[in-house]
Amino acid sequence: MLLYGRNPVLEAIADGRVAEVLVARGVEESFIRELKELDVLVRFTSRIEMDQMVGTTQHQGVVAEVEDLKWASVDDIFERAEARGEPLLIVLLDGITDPRNFGAIIRSAEVLGAHGVVVEERRSAPLSPVVAKTAAGAVAYLPVAQTKNLPRFIDALKEDNVWVYGAAGEAAQDIGRTDFSGKLALVIGAEGEGLRRLVREKCDVLVKIPTSGRVQSLNASVAAGILLYEATKNRGGSGR
């Protein structure tokens, strides 16, 4: 896989997954020195060739070939929470197929202290270079796993005393008046469509982000970031 963007490439180098980096001519010397100090081989090419190579101009002048990103396991997420001694905080994505939204949610989840992200196998964007670029390196740190059936996975979480909160614009409960203590899962639905009926019915509580503008809906990744921030403000408690 061709990985591009400075943060994703630097994180891959730090993780030992890169031996050679392709850099566009004209990139500032300070960045080139940083790469060489990391003991990787640096080769140069034109920006036009790099544009054609990765199919975008949003590469920030650096490309590296790495192994394809691999999905984590759900167990990796549980083990991460246990190792930190924290109540589980997991993000479930129901139909997020846009890779930029997917990457942005992974980034927010890692920054705000979630233990992992879970998607349904057939209803998600793949782990691609676009996801990695948008996540700004977060995929190197945060477990991102798949499940075959999201509603059944939610049932399993609830059996383990995890509270499941679904984001829904029409919900009666405001996130600012919600107790997010204990083990919890936050469910984000697809852009425009929201949560599927069965997923919605499996949630313990549906919550909304209050809005005051004329546009009544938020981008999925923005909504996920707000919900994560609210959920992590006063974390604590012992579960259900």
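The preceding data block contains the structure.
Attention in this report is confined to the structure presented alongside it. The structure displayed is predicted, hence computed values, not measured ones.

### Topic: the packing of aromatic side chains
Stage number 1. One pass over the full model with this rule turns up 3 aromatic pairs.
Stage number 2. An angle of 35° between the planes, with centres 6.5 Å apart, marks the rings of W163 and Y165 as tilted.
Stage number 3. A relative accessible area of 5% means that Y165 is categorised as buried.
Stage number 4. Through a chain of ring-to-ring contacts, the aromatic side chains of W163, Y165 and F180 assemble into a single cluster.
Stage number 5. The ring of F31 carries the charged tip of R6 above its face, separated from the ring centre by 4.3 Å.

### A closer look at a negative patch on the surface
Stage number 1. A cluster of acidic residues, D75, D76, E79 and E82, forms a negative patch on the protein surface.
Stage number 2. You can see D76 is positioned in helix α4 (residues 74-84).

### Brief notes about empty space enclosed by the protein
Stage number 1. Scanning the model with the defined rule gives 1 cavity of 30 Å³ or more in all.
Stage number 2. For the largest cavity, the calculated volume is near 50 Å³.
Stage number 3. Lining the largest cavity are L3, P8, E11, A12, R17, L69, A132, G137, V139 and A140.
Stage number 4. Its residues placed into classes, the lining of the largest cavity shows 7 nonpolar, 1 polar and 2 charged.

### Considerations on the layout of surface pockets
Stage number 1. Here the second largest pocket defines a volume of roughly 300 Å³.
Stage number 2. Around the second largest pocket, the lining comprises 14 residues; the ones closest to its centre are R17, L69, K70, V139 and A140.
Stage number 3. Taken together, the residues that form the lining of the second largest pocket break down as 9 nonpolar, no polar and 5 charged.

### Regarding unusual backbone geometry
Stage number 1. Phi is positive for D39, close to 65°, though the residue is something other than glycine.
Stage number 2. Examined against the element boundaries, D39 turns out to sit in the loop between α2 (29-37) and β3 (41-45).
Stage number 3. With phi around 60°, Q60 is a residue other than glycine that occupies positive phi space.
Stage number 4. Relative to the helices and strands, Q60 is located in the loop between α3 (47-54) and β4 (62-65).
Stage number 5. Assessed through its relative accessible area of 39%, Q60 is described here as partly exposed.

Quick notes on the rules
- What you see as residue numbers is a count from 1 along each chain, following the sequence as written.
- At least 70 in pLDDT is required for a residue's local features to be given in this predicted model, at least 80 for side-chain atom pairs to be given and counted, and no such filter applies to totals for whole chains, interfaces and linings, which use all residues.
- Side-chain metrics in this entry use all non-hydrogen atoms of the structure; hydrogen atoms and water are not considered.
- Paired rings are identified among Phe, Tyr and Trp, the last through its six-membered ring, by centres lying within 6.5 Å, and are further divided according to the angle between planes into stacked (under 30 degrees), edge-to-face (over 60) and tilted (the rest).
- Here's how the labels work: a residue is buried when its accessible area is under 20% of the maximum for its type, exposed when over 50%, partly exposed in between, all with a 1.4 Å probe on protein chains only.
- Throughout this description, the term charge over a ring refers to an Arg CZ or Lys NZ atom that lies within 6 Å of the ring centre and within 35 degrees of the ring normal.
- Nonpolar side chains (Val, Leu, Ile, Met, Phe, Trp, Tyr) within 5 Å and like charges within 9 Å form the patches, drawn only from residues with over 30% relative accessible area and no salt bridge.
- The Shrake-Rupley method, run with a 1.4 Å probe sphere, supplies the accessible areas, and residue values consider only the shown protein chains as cover.
- The salt bridge definition used is simple: a Lys or Arg side-chain nitrogen within 4 Å of an Asp or Glu carboxyl oxygen.
- By the counting scheme adopted, Arg and Lys are positive, Glu and Asp are negative, and His together with the chain ends is not counted.
- To locate a charge, take atom NZ for lysine, CZ for arginine, CG for aspartate or CD for glutamate.
- Strands are runs of DSSP state E lasting at least two residues, helices are runs of H or I lasting at least four, and both sets are numbered from the N terminus onward.
- Grid points spaced at 1 Å and placed over the protein atoms alone form the basis of the search, with a cavity being a set where a 1.4 Å probe fits but cannot get out and a pocket an open set showing protein on both sides within 12 Å along at least five of seven lines. Lining residues have an atom within 4 Å of a point.
- Grid points are joined across faces, edges and corners, and a volume is the space filled by probe spheres set on the points.
- Asp, Glu, Lys and Arg are counted as charged, while Ala, Val, Leu, Ile, Met, Phe, Trp, Tyr, Cys and Pro are counted as nonpolar; the rest, among them Gly, fall into the polar class.

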